[in-house]
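Here is what each chain is made of, one letter per residue.
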Amino acid sequence: MKKLLLSTISLLCAFASFSQIKGTVTDTKNKPLPFVNVYIDNTYKGTTSNEEGIYELNISEPDTYTVVFQFLGYKTVKKTVTIETFPFNLDTVLADEEISLDEVIVTSGENPANIIIRQAIAKRKENLQKIQSYKADFYSRGLIRIKNAPEKILGQDIGDLGGGLDSTRSGVIYLSETISKLEFLRPNKLKEKIVASKISGDDKGFSFNNAIDVEFELYDNTIELGNQIISPIANNAFGYYRYKLEGVFYDDRGHLINKIKATPRRKNDPVFEGFIYIVEDQWTIYAAELDITGVQARLPAVDKITITQNYSFSEQDNLWTKISQNIDFKYGLFGINGDGRYISVYSNHIINPGLTRKDFSREIVSFADEANKKDSIFWTSLRPVPLTVEEITDYIKKDSIQIVKDSKVYKDSVDHVNNKFKIGNIIGGYTYSNSYENWSAGITSPIEAISFNTVQGWNGNVGGFYTKNFDDFKRFLTVNGTINYGFSDDRLRGTLSTTYKFNNTSRPFLTISGGIQATQFNATDPISRFENTIGSLFFEDNYMKLYDRSFVQASFSEELFNGFRFYSTLSYERRKALFNTTEQVFFPEGDDVYTSNNPLSESVYGIAPFETHNIVKLNVLARINFGQEYLSYPDSKFNITKEKYPTLLVGYEKGLGATIDDYNFDQVKARLHQSFNASNKGRFSYNIRAGKFFNGDNISLVDFQHFNGNQIHVSQKGNYTDVFNNLGYYDLSTNDSYLEMHAEHDFNGFILSRIPLLKKLNFNLVVGAHALSTPDNKPYQEYTIGLDNIGWGKWRLLRVDYVRSYQSGFMSDAIVFGLKFF
């Protein structure tokens, strides 16, 4: 404790010695004011005070300066000071702003707030276009706290979260900072070079704080924050908000500022609630204080988010520029509750420097050399927002703990406790770890893998694994093995695979595998083992169809260049038909019996759907993410898929060297899919597949193109753009050409939120259309309408759809129940 106290005092002293203009901002009652904007008048050089009201303004040249202190709800203060030596102390007291309606003149019966907002909407595009490009310095700091954390979550111990929890199991679990250089070109080109990065308790880590994630532009019609949130000055804002003029006041330059309260017309609409400050005559944003709930943002774990933005006026450029933004939030899920804050400071703007699209690439974030190696002197001299005592203490505590936790003695002692075998490991599985050497090995739970099918009867898996990590998990080697035993067919099967990841930039993976397995004809496993177990034993519906596959296989994939990833698989396989070996069922239904294991005919028992054969299979596939951007971290690359563009997959599959000549074939195939927000109208998704077989007239049923059906009418998929929910699993399988199309639109509350009574339920209307065409069958279509987001509070796990299917007229209809988060 004494060491921690001395370290804290030392860091506080270091902070004081490197400050330039520094001080404390309080109100008239001597209460510290957090997040006050402090900047040099008529410039873009500024900062904000921290939660304790302490600020630091990095000015290095002795001169005469006018320092502006601006804070919503308080009168702006300007102080002109002549500085000869540093550090220079400048404390300030802010008085409450006198907001009144005395100067508001109502010339018509219309709500004056509506008149102001109408003007702001009319000038929205013009004000947005004033800044076509800019360069700026950017600082961000993220802090997340947890309160009264449970000992376990879903049965798993969570420990002390890296030393972040105190005796009450509360504390800081994340603290990180970045200092960056930004370049922006309208409408949406943003490039960030992070020159310094710091994470509490991880001196090797690189912060994921970046400007892209907090770029909330209120001049746009919508802001992406979980959901597409309607701006208070969007073109259609009057359909979502009610406005009230709370009062007016003058800023330090004599601008008349209108304080307007915006409230949602409907409780669960994707809108904010709070205050927006509009400059009279210019109709620009002066500041904003806006709240949104997790329900409105469609973020179940979030209770509330508050966004505060402040703008500064430059007489030289004659425009208002955002200089600070705070994002405060509260969260709670699975008994975990807490809060947090992300602070952003923009300074030293260069407005409209003439940037063009040629100045930007797909790389949107990069790091300077040794960005995570900056010492405390660097941070103390350049950090625009001083650390609070809580943050200083967290840095010192976790940095000290890190030294201990990285030692072999500590890691071995922790492993000694965690590696003890417990009775529960017999059921839940067991892992042995060597944390210092970064490897682990163990066995999986045999209970979780028990299932039933009519080929094997009751069967279970026991798996073993070994993992070795290198270079802070940027490379790894895994070895996995599984033994499966079927009690009814009395057959032991098993597989063994090993995977090596070469780097974390292009992410090449090489996998070698082999073994014997009972696998589904449709390689995408359209019905899970659990679903088939319930369907078979309780309803005598054995939809899972299996064949015996003995194989040795090699797979490799790598991103060859940005947005283009190559996949390849070469295998040698022996395929053999399997048959039902059990008739066990919990609740026999009269004359109902299990169907055969032949997907071609339910009543053909004992007849194989294909002949036993060996074959070599080659698969090559290219995936193209159009418009893909990426974040460059040292020795790592993180791709950002742009929903504005689709993803295209083009592949070729070949069967060769088969012991039955007719089983050799070629197939070319393609897929195009995309999902994007349609402004405030919801989210639209589509998925199109097409392919053509060559020399495939008499190939094995295993190699047919199978389409995902759903005969149990229960789904665990998030959306239905990859499944026909009223089609048999193998009804339309083909060895010829095919065209498969899916489209779905989730209105995300856009329609139901306008219907009385229904709007209180916070359900989402979802509609879909699905089609499949093959030469040997008449076109098949499905049309769906359903409700999503069904549940209560944060627990909205259910979706219900009505499906009608057509093929030369109406075929049938069904109700599909969707379960999420399973």
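The coordinates are above.
These lines cover the structure that appears in this document, whether it is placed above or below.

Calculation criteria
Residues numbered from 1 in each chain as written. Predicted model: local features only at pLDDT ≥ 70, side-chain atom pairs only at ≥ 80, totals over all residues. Heavy atoms only, no water. Core = buried A, V, L, I, M, F, W, Y, C linked by side-chain atoms within 4.5 Å. Buried < 20%, exposed > 50% of the residue type's maximum accessible area, 1.4 Å probe, protein only. Helix = DSSP H or I, 4+ residues; strand = E, 2+ residues; numbered from the N terminus. Contact = heavy atoms within 4.5 Å. Arc of directions from axis to C-beta. Polar contact = N/O pair within 3.5 Å; in protein donor to acceptor, adjacent residues only side chain to side chain. Patch = residues over 30% accessible without salt bridge, like charges linked within 9 Å, V, L, I, M, F, W, Y side chains within 5 Å. Areas by Shrake-Rupley, 256 points an atom, 1.4 Å probe, with all protein chains shown as cover. Salt bridge = Lys/Arg side-chain N within 4 Å of Asp/Glu carboxyl O. Lys, Arg positive; Asp, Glu negative; His and termini not counted. Charge placed at Lys NZ, Arg CZ, Asp CG, Glu CD. Pairing = 2+ DSSP bridges.

## Regarding the nonpolar core
Tyr 241, Ile 260, Phe 272 and Tyr 286 are the most contacted members of the largest nonpolar core, which has 74 residues in total. Of the residues forming this core, the biggest block, six residues, is contributed by strand S19 (residues 285-293). Those residues in contact with Tyr 241 that sit more than four places away from it in its chain are Ile 230, Ser 231, Pro 232, Ala 262, Thr 263, Arg 265, Val 271 and Phe 272.

## Quick word on helix H2 (residues 112-122)
Buried within H2 are the following residues: Ala 113, Asn 114, Ile 116, Ile 117, Ala 120 and Ile 121. One face of H2 carries all of its buried residues, which in axial projection span an arc of 160°. If you follow the buried residues of H2, they end up packed against helix H3 (124-129), strand S16 (241-250), strand S17 (256-264) and strand S18 (273-279). For H2, the side-chain oxygen to backbone nitrogen distance between the N-cap and Ala 113 is 2.9 Å, and the N-cap itself is Asn 111.

## Looking at a positive patch on the surface
A cluster of like positive charges, contributed by Arg 242, Arg 265, Lys 267, Lys 759 and Lys 760, occupies part of the molecular surface. In this fold, Lys 760 is placed in the loop between strand S40 (738-746) and strand S41 (764-774). Using a relative accessible area of 64% as the deciding quantity, one classes Lys 760 as exposed.

## Notes on the pattern of salt bridges
Proximity of charged atoms lets side chains of opposite charge pair with each other. Under the counting rule described, the total for this entry stands at 42 salt bridges. Salt-bridge contacts for Asp 394 lead to Lys 398; the nearest nitrogen and oxygen are separated by 3.2 Å. On the criterion of helical spacing, the pair formed by Asp 394 and Lys 398 is a turn pair, its members being four residues apart in helix H6 (residues 389-405). Like Asp 394, the residue Lys 398 is buried in the burial classification. Of the charged contacts in the structure, one is a salt bridge between Lys 669 and Glu 653, with a shortest N-O distance of 3.5 Å. Of this pair, Lys 669 sits in strand S37 (residues 665-677) while Glu 653 sits in strand S36 (residues 647-656); the two residues are 16 residues apart in sequence, bridging distant segments of the chain. You can call Glu 653 buried: its relative accessible area is 9%. Salt bridges sharing partners connect three or more residues here, namely Glu 51, Arg 145, Lys 147, Asp 328, Asp 339, Arg 341 and Glu 390.

## Comments concerning the side chain of Arg 141
Topologically, Arg 141 is positioned in strand S9 (residues 133-147). There is a polar contact of 2.5 Å between the side chain of Arg 141 and the side chain of Tyr 139. A distance of 2.7 Å separates a polar atom in the side chain of Arg 141 from the backbone oxygen of Val 385.

## With respect to the pairing of strand S13 (residues 189-199)
Taken together, the 10 bridges between strand S12 (residues 171-185) and S13 define a ladder with antiparallel strand orientation. Considered in S13, the bridge of Leu 185 is made with Lys 189. Here S13 pairs with strand S23 (residues 363-367) via three bridges, running parallel. Bridged to Lys 193 within S23 is Ser 366.

Bear in mind that shape data such as this cannot, by itself, settle questions of function.
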